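Spelled out, the chains give:
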Amino acid sequence: MSIETQPRSVSQTEQYEKCGWRYYLQRIDRVTPRPAAWSHHGVAFHAAAEAVELSGRTMTADEAETRFADQYSALVNKSLDKEPNTDRWLSAHGTGGEDIERRYNLGREQTRRYVEWAAETPTETYETPDGRPGLELYFIVELGGVKVRGYIDQLVTDPDGSVRPRDWKTGTTKSKFQLETYGVAVRKLYGVEVNRADWYLAKKGGLSRPIKLDQVTEADVSERYAAMDAGVKAGRFLANPGFVCRFCDVSHACSFKQ
């Protein structure tokens, strides 16, 4: 499937909006990205949190921590096979090697804290009409004439019967557009009421304030997907060099970087 016809996503759209040239290098030119421990940290935490929820929250903190450690180590080792020089890894804290070790310990602590939080915070995971639990739930919908796909970390059934999208975050960057997309997609797919959404913030070990979605319409989110889709099909990939270049995983192949 070509880049012109494939479904869009939140991450694609936000990447294109922030720097069209990064989008081009990564998704069209297929430049091999530099590894970063923060991405493995996020993936491993998601795997552990999903396992906790799929167990009906019976998984112990030790078991969840082991799940994180095993997943994180496997991902890091795979990246080390491709790029053994950790000085070339992206890192926001110290060297690449230092960040790998730091995030290993931090992720284990965050996973243990998630289990403790879950034990104190009753949550009912939504079940789709076909019997699937609302965990790492894949969706594909059409918004503004554009096919949009993604994975929702968790759907929670609120006491009033409405469904709440929840995104698990290990970093500091939060996307309201992501939650808005999830809310619209869930309404379209399952015909349920969606009034709010939130993030589980691993850094603080608890939930964010809820984001109101009751007034967010399909038209509100469709406009951005339509603009991004049109830009890609027209071959418009504008560079936006600046501070964010230091966190760009394809900056080594970019002639615009700062």
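Quick look at the structure, then.

### Side note on the packing of aromatic side chains
Logical step 1: A complete count under the given rule lists 20 aromatic pairs for this structure.
Logical step 2: Seen in terms of ring centroids, Tyr138 and Tyr151 are 5.1 Å apart; in terms of plane orientation they differ by 55°. Their pairing is tilted. One end of the pair, Tyr138, is in strand E1 (residues 135-143); the other, Tyr151, is in strand E2 (residues 146-157), and 13 residues separate them in sequence.
Logical step 3: For Tyr138, a relative accessible area of 35% translates into the label partly exposed.
Logical step 4: Given a relative accessible area of 48%, Tyr151 falls into the partly exposed group.

### Quick notes on the pairing of strand E4 (residues 196-201)
Logical step 1: Counting buried positions along E4 yields five of six residues, so the element is predominantly enclosed.
Logical step 2: Taken together, the four bridges between strand E3 (residues 163-169) and E4 define a ladder with parallel strand orientation. Residue pairing for E4: Arg166 is matched across the bridge by Asp198.
Logical step 3: Between the parallel elements E3 and E4, the chain passes through helix H6 (residues 176-190) in a crossover that is right-handed.
Logical step 4: With two bridges joining them, E4 and strand E6 (residues 211-212) adopt antiparallel strand pairing. Residue pairing in the sheet places Arg196 in a bridge with Lys212 of E6.

### Some details on the nonpolar core
Logical step 1: Phe139, Leu143, Leu155, Val186, Val192 and Tyr225 are the most contacted members of the largest nonpolar core, which has 28 residues in total.
Logical step 2: Elements with a minimum of two residues in this core: E1, E2, H6, E4 and helix H7 (218-233).
Logical step 3: Counting residues per element, this core draws most heavily on H6, at seven residues.
Logical step 4: Setting aside anything within four residues of it in sequence, one finds Leu155 in contact with Glu124, Thr125, Tyr126, Gly134, Leu137, Val163, Arg164, Pro165 and Val186.

### Quick notes on unusual backbone geometry
Most peptide bonds are trans, and most residues other than glycine sit at a negative phi.
Logical step 1: In this model, Arg30 sits at a positive phi of 60°, which is unusual for a non-glycine residue.
Logical step 2: Along the chain, the position of Arg30 falls in the loop between helix H2 (20-28) and helix H3 (37-54).
Logical step 3: Residue classification places Arg30 among the exposed residues on the basis of a relative accessible area of 62%.
Logical step 4: In this structure, Arg57 is a non-glycine residue whose phi angle is positive, near 65°.
Logical step 5: On the secondary structure map, Arg57 appears in the loop between H3 and helix H4 (61-82).

### Observations regarding the state of the cysteines
Logical step 1: Under the counting rule described, the total for this entry stands at zero disulfides.
Logical step 2: With no disulfide of its own, Cys245 has Cys254 as its nearest cysteine by sulfur position, at a separation of 6.3 Å.
Logical step 3: A residue is classified by how much of its surface remains accessible, and Cys245, at 13% relative accessible area, is buried.
Logical step 4: Overall, the relative accessible area of 18% leaves Cys254 in the buried class.

The rules behind the values
- Residues numbered from 1 in each chain as written.
- Predicted model: local features only at pLDDT ≥ 70, side-chain atom pairs only at ≥ 80, totals over all residues.
- Heavy atoms only, no water.
- Phe/Tyr/Trp six-rings, centres within 6.5 Å; stacked < 30°, edge-to-face > 60°.
- Helix = DSSP H or I, 4+ residues; strand = E, 2+ residues; numbered from the N terminus.
- Buried < 20%, exposed > 50% of the residue type's maximum accessible area, 1.4 Å probe, protein only.
- Pairing = 2+ DSSP bridges.
- Right-handed = clockwise from strand over helix to strand, strands pointing away.
- Core = buried A, V, L, I, M, F, W, Y, C linked by side-chain atoms within 4.5 Å.
- Contact = heavy atoms within 4.5 Å.
- Disulfide = S-S within 2.5 Å.

By themselves, these figures tell us nothing about what the structure is for.
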